Amino acid sequence: MRWSQAFIPTLRDDPADAEAVSHRLLVRAGYIRQLMSGIYSMLPLGQRVRAKVMNIIREEIDAIGGQEFLLPQLHPKEIWDRTGRSETMSDIMMSFEDNKGAAVVLGPTHEEIFATVSSELNSYKQLPQLWYHIQTKFRDEARPKSGLLRVREFTMKDSYTFDLDFDGLDIQFDRHYAAYVRIFERLGMNAVAVAASSGAMGGKESVEFMVASDVGEDEVAHCDACGYAANVETASSSVPDIEDPDGEFAVERFPTPGVRTIADLEGFAGGALADRQIKTLVYFLDDEIVLVLLRGDHGLQEQKLLDVTQTTRSRPAQSDEIMALLGAEAGSLGAVGVDGVRVIADEGLRGRRSMTTGANENDFHVRGVDVERDIVISQWADVRAVVDGEHCVECGNPLKVFTAIEVGHIFKLGTFYAEPLGVTVLDKDGKTVPVVMGSYGIGVERNMAASVEANHDDKGIVWPAEIAPFHVVITVLRPDDEASIEVSEKLYSELIEAGVEVLLDDRDERPGVKFKDAELIGVPFRITVGPRGIDNGVVEFVTRKSGESTEVAFDEIVSEVVRLLR
RNA sequence: CGGGACGUAGCGCAGCUUGGUAGCGCGCAUCGUUCGGGACGAUGAGGUCGCGGGUUCAAAUCCCGCCGUCCCGACCA
């Protein structure tokens, strides 16, 4: 491609509405343009990268036996009514009527549609199967953000496996795991596989692939020593025991005027340190009101609470609801003497004595509380949010907690979907059995953006060669110089001949502009052709990532590039 | 959905408080000089000031309504 003919609208200034690095750079470097919130046009450079990302994914899934499908984007709403997901997913589902008045939706995912096809799986002899497609999804997100990282229309590779039993599923799952590891490597990212909450999805197990980034929306707890890694929605940690005072203590009520928070009580004469207080939270789990108890300096991880209670929705109670239940405002709440309400206590409170907590009367607390003696605990559970620096439950070393981008998610669904969707086969004995399923997803554009988050510097994008829109840019410093033209045109055709993707910067621009643009768009290698080198029979060869520059003879440069790209 | 900010030329912004001429930088076009890290000079093209209504002799500017975009939060297989 000749740059003079290419549509690569680079911008000198950062776009005003882009904050995430990948968003800023992809817009500035002319890869994408926004059409509306969460909806982007792929410009030629963007489309080249997107196609390469899809090809890598395709290669790796094909390599583990995947069969590529292409299912439609437009679905009859009726199919979604059957599984009830037109209701449960209604807030993100784009739905409307076609011209005949039939209710249709744009698919937010494709389980239901794959299921219609898989109904033609009839016999155990047809299993296992690995089906996938790379298709557009529509999800009407309440708040799209950070460029391509969270959008409303995007491409996803979603695969589905069908097995006769859970052993078969385990094999398919492990193969996907390995394929995903290779994919993220090839995309230039250091992805960590973490245990994830299966949440309302049900199923046996799920693993998310996470790339550390400060624009990520998830938090991961990771142990460098032993490799333990989990989404904080499911992560555990150990914290040092607190030594409670010896001796007998009785529950004693005392006035605490003006004390509203844990911190207030720490500073109050006769109060207590945070780790010697009991924090009492009032939550609705689905429609039941419950008390959740934590150590004063600990925080609640709501997803863990949902998981241990097998509920799907939680919300903090409002002040009037709290008042009706306990007769006091948040800040003076406690579980001592509370009856008829489910009390879920975090493991961190086990065996604790002589604690201080609210008295369920404004401006009063109680001390001398022995958690197990004085409080009726319905359920002990680990519902505490893991914090950076706490200790690994596996090996005891300090955990790191960091934000990350979820670049892939693989699920062992089991029969969770197969049963309601009626995906069954006849086994050897002629018995109808549900198929054991797995599902596996990678967002294409999100991975493009995540790769930029991981591969950039202050000059622009630094693509891994395999997904760069071009492998090499030939920067012609003096396109008005005959010798320069001759050399660069020859190189250009030889490189193309050698299978290298070349961008020939033949624009009538000053050198500085060309260098800046080449760096901004992130082409891995640059060959600079200028009068200075021509006199010596050499070109300058620059590696984008290292900035390293060498002089290479005319007749060696093509083989050098080919060697580096291999 | 709650909170905040913003909407003026392709991009980045000023002008709005105190109503009257729509401006700057970049980019773009032509010419000239330049040419190894975002050149310089000259000339020029380009704007329904987000949309609708109101106040006024007069609205980018004041008032009302709406729409859109971003950020924080809620939400999110």
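Owing to the predicted nature of the structure, the values given are computational and were not obtained by experimental measurement.

You can see glutamate 302 is positioned in helix α8 (residues 302-309). Not counting residues up to four positions away in its chain, the partners in contact with glutamate 302 are Tyr283 and Ser314. A polar side-chain atom of glutamate 302 sits 3.1 Å from a polar atom in the side chain of tyrosine 283.

Each assigned domain of chain A is listed here: domain 1 (48-69 + 110-235 + 401-452), domain 2 (72-107), domain 3 (252-381) and domain 4 (470-565). Using only C-alpha atoms to locate each centre, domain 1 and domain 3 end up separated by 39 Å. Carbon and sulfur atoms supply 45% of the area that domain 1 and domain 3 bury against each other, a total of about 430 Å² over both sides. Our enumeration of links across domain 1 and domain 3 arrives at 0 salt bridges. The interface formed by domain 1 and domain 3 includes 1 residue pair in polar contact (both at pLDDT 80 or more). Taken together, the residues that form the side of domain 1 that touches domain 3 break down as 3 nonpolar, 3 polar and 1 charged.

When its volume is computed, the second largest pocket comes out at roughly 380 Å³. Residue lining of the second largest pocket: 17 residues in total, with Arg12, Arg28, Lys516, Asp517 and Leu520 positioned closest to the centre. For the lining of the second largest pocket, a count of residues per class yields 4 nonpolar, 3 polar and 10 charged.

The immediate surroundings of RNA strand B are formed by 40 residues, with Arg12, Glu111, Arg150, Glu519 and Glu540 found nearest. When the atoms of RNA strand B within 4 Å of the protein are sorted by group, sugar and phosphate make up 43%. Between a base oxygen of RNA strand B and a side-chain N or O atom of arginine 28, the distance comes to 2.8 Å. In the environment of RNA strand B, a base nitrogen lies 3.4 Å from a nitrogen or oxygen atom belonging to the side chain of aspartate 517. Within the residue set of the surface near RNA strand B, elements represented by two or more residues are β1 (32-36), α14 (511-521), β29 (525-529) and α15 (531-534). Its residues placed into classes, the surface near RNA strand B shows 12 nonpolar, 8 polar and 20 charged.

All right, on to the environment of aspartate 158 then. With respect to the helices and strands, aspartate 158 occurs in strand β8 (residues 153-163). With 281 residues separating them along the chain, aspartate 158 and serine 439 place their C-alpha atoms 7.1 Å apart. Ignoring anything within four residues of it in the chain, the contact list for aspartate 158 reads His110, Phe114, Trp131, Tyr132, His133, Lys137, Tyr440 and Gly441. Side-chain polar atoms of aspartate 158 contact the side chain of histidine 133, separated by 3.0 Å. Separated by 2.6 Å, the side chains of aspartate 158 and tyrosine 160 make a polar contact.

Quick look at the sheet that holds strand β28 (residues 502-505) now. To summarise the sheet geometry, strands pair through backbone hydrogen bonds and adopt either a parallel or an antiparallel arrangement. Across the sheet, which stays open at both edges, the 5 strands sit in the order β28-β27-β29-β30-β31 with mixed pairing between neighbours. Every other strand in the sheet has two partners, leaving β28 and β31 (549-553) as the edge strands with one partner each. In this sheet, neighbouring strand axes are inclined to one another by 25 degrees on average, regardless of whether the strands run parallel or antiparallel. Relative to β28, strand β27 (residues 472-476) runs parallel, the two being bridged by 4 bridges. Across the sheet, isoleucine 474 pairs through a bridge with leucine 504, a residue of β28. On top of the sheet, helix α16 (residues 554-565) reaches β27, β29, β30 (538-543) and β31; it is set at about 125 degrees to β31, its chief contact.

Turning our attention to the packing of helix α2 (residues 44-63) against helix α6 (residues 166-186). In contact at an axis separation of 9 Å, α2 and α6 are set at 155 degrees when each is read in the N-to-C sense. Considering their axes alone, α2 and α6 lie roughly antiparallel with respect to each other. Relative to α6, the crossing made by α2 is right-handed. Taken together, the residues of α6 that come into contact with α2 (itself represented by Ile56, Ile57, Glu59, Glu60 and Ile61) are His176, Ala179, Tyr180, Arg182, Ile183 and Arg186.

Cut-offs and rules
- Residues numbered from 1 in each chain as written.
- Chains lettered and ligands numbered in written order.
- Predicted model: local features only at pLDDT ≥ 70, side-chain atom pairs only at ≥ 80, totals over all residues.
- Heavy atoms only, no water.
- Helix = DSSP H or I, 4+ residues; strand = E, 2+ residues; numbered from the N terminus.
- Contact = heavy atoms within 4.5 Å.
- Polar contact = N/O pair within 3.5 Å; in protein donor to acceptor, adjacent residues only side chain to side chain.
- Domains from an automatic or database assignment.
- Buried area = accessible area lost by both parts, 1.4 Å probe.
- Salt bridge = Lys/Arg side-chain N within 4 Å of Asp/Glu carboxyl O.
- Nonpolar A, V, L, I, M, F, W, Y, C, P; charged D, E, K, R; others polar.
- 1 Å grid on protein atoms, 1.4 Å probe; cavity = no way out; pocket = protein on both sides within 12 Å on 5 of 7 lines; lining within 4 Å.
- Points joined across faces, edges and corners; volume = space filled by probe spheres on them.
- Near = heavy atom within 4 Å.
- Pairing = 2+ DSSP bridges.
- Axes fitted to C-alpha atoms, helices over the stretch in contact; angles between N-to-C directions.
- Parallel < 35°, antiparallel > 145°, perpendicular 65-115°, else oblique.
- Left-handed = near helix turned anticlockwise from the far one by under 90°.

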